[in-house]
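A closer look at the structure
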Amino acid sequence: MDNFALFDDRNDALLLFYNINSPICILLNLLATYLIVFKSSREMREYRWYLLYYQIWVSALDVHLNVLFQPVIFFPISAATGRGLLISEVGFSTFTCLVSFRFTYVFVKK
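Note that this is a predicted model, so its numbers are computed, not measured.

This brings us to the side chain of Gln55. Residue position: Gln55 is located in helix α2 (residues 47-69). Classification of Gln55 as buried rests on a relative accessible area of 13%. Of note is the side chain of Gln55, whose polar atom sits 2.8 Å from the side chain of Asn29. Beyond its immediate chain neighbours, meaning those up to four positions away, Gln55 contacts Asn29, Ala32, Thr33 and Ile36.

Written out as structure tokens, the structure is:
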């Protein structure tokens with residue numbers, strides 16, 4: 001049991017995924033927002049605002065998960081921690097990030 005550490009800091013692959021995924025998600029979300037606002041057809045006049053509303057909340061969710069929070073989940077136990085900007089730079093707790101994620105998720109789900 002010398003090599004066993006329950007909460008080990010070696011999540012380099014996951015954190016690398018977050019760092020690669022975040023600029024891609026931000027660019028694709030900006031492209032989708034541009035296409036909804038400027039390239040929608042006239043038949044989508046009323047529907048595009050609902051689509052834009054949904055796209056803005058999905059973008060907020062992506063930024064929250066990939067940049068601000070970056071959750072690291074420890075399986076099979078029910079535990080998580082965060083490594084994002086809100087935790088490392090601002091000093092928020094993991095619980096605060098989870099609660100704010102839950103509020104963002106509620107708006108996206110509606």
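What follows picks up the thread again.
Attention shifts here to the pairing of strand β1 (residues 71-74). Bridging between β1 and strand β2 (residues 79-82) involves 4 bridges; their strand directions are antiparallel. In the strand pairing of β2, Ile73 is matched with Ala80.

The sites that carry the UniProt feature "transmembrane region" (unreviewed entry) are, in the present numbering, residues 20-38, 50-73 and 85-108. Split by type, residues 20-38 is 100% helix and 0% strand. Its first and last C-alpha atoms lie 28 Å apart. Across residues 50-73 one finds 83% helix and 12% strand; the C-alpha atoms that close the span lie 33 Å apart.

For the rest of this paragraph, the subject is the side chain of Asn29. Here Asn29 shows up in helix α1 (residues 12-38). By relative accessible area, Asn29 is classed as buried at 11%. Here Asp62 takes part through its side chain, which lies 3.0 Å from a polar atom of the side chain of Asn29. If we skip the residues at most four places from it in the chain, Asn29 touches Gln55, Ser59 and Asp62.

Right, let's get into α1. Relative to the 39 Å expected for 27 residues at 1.5 Å per residue, α1 spans 39 Å between its end C-alpha atoms, a close match to the ideal helical length. The set of residues buried in α1 consists of Tyr18, Asn21, Ser22, Cys25, Asn29 and Ile36. If you follow the buried residues of α1, they end up packed against α2 and β1.

Moving on, we get to the packing of aromatic side chains. Summed over the entire model, instances satisfying the criterion amount to 2 aromatic pairs. Where Tyr34 meets Phe38, the ring centres are 5.2 Å apart and the plane angle is 45 degrees; that geometry is what we call tilted. Of this pair, Tyr34 and Phe38 both sit in helix α1, 4 residues apart, which is roughly one turn of the helix. When its relative accessible area of 39% is taken as the criterion, Tyr34 is described as partly exposed. Given a relative accessible area of 59%, Phe38 falls into the exposed group.

Along the chain, the position of Phe107 falls in helix α4 (residues 94-109). Taking the C-alpha atoms as reference, Phe107 lies 8.7 Å from Tyr54; in sequence the two are 53 residues apart.

Procedures and definitions
Residues numbered from 1 in each chain as written. Predicted model: local features only at pLDDT ≥ 70, side-chain atom pairs only at ≥ 80, totals over all residues. Heavy atoms only, no water. Helix = DSSP H or I, 4+ residues; strand = E, 2+ residues; numbered from the N terminus. Buried < 20%, exposed > 50% of the residue type's maximum accessible area, 1.4 Å probe, protein only. Polar contact = N/O pair within 3.5 Å; in protein donor to acceptor, adjacent residues only side chain to side chain. Contact = heavy atoms within 4.5 Å. Pairing = 2+ DSSP bridges. UniProt positions renumbered as here; feature names shortened; annotations may be inferred. Expected span 1.5 Å × (residues − 1). Phe/Tyr/Trp six-rings, centres within 6.5 Å; stacked < 30°, edge-to-face > 60°.

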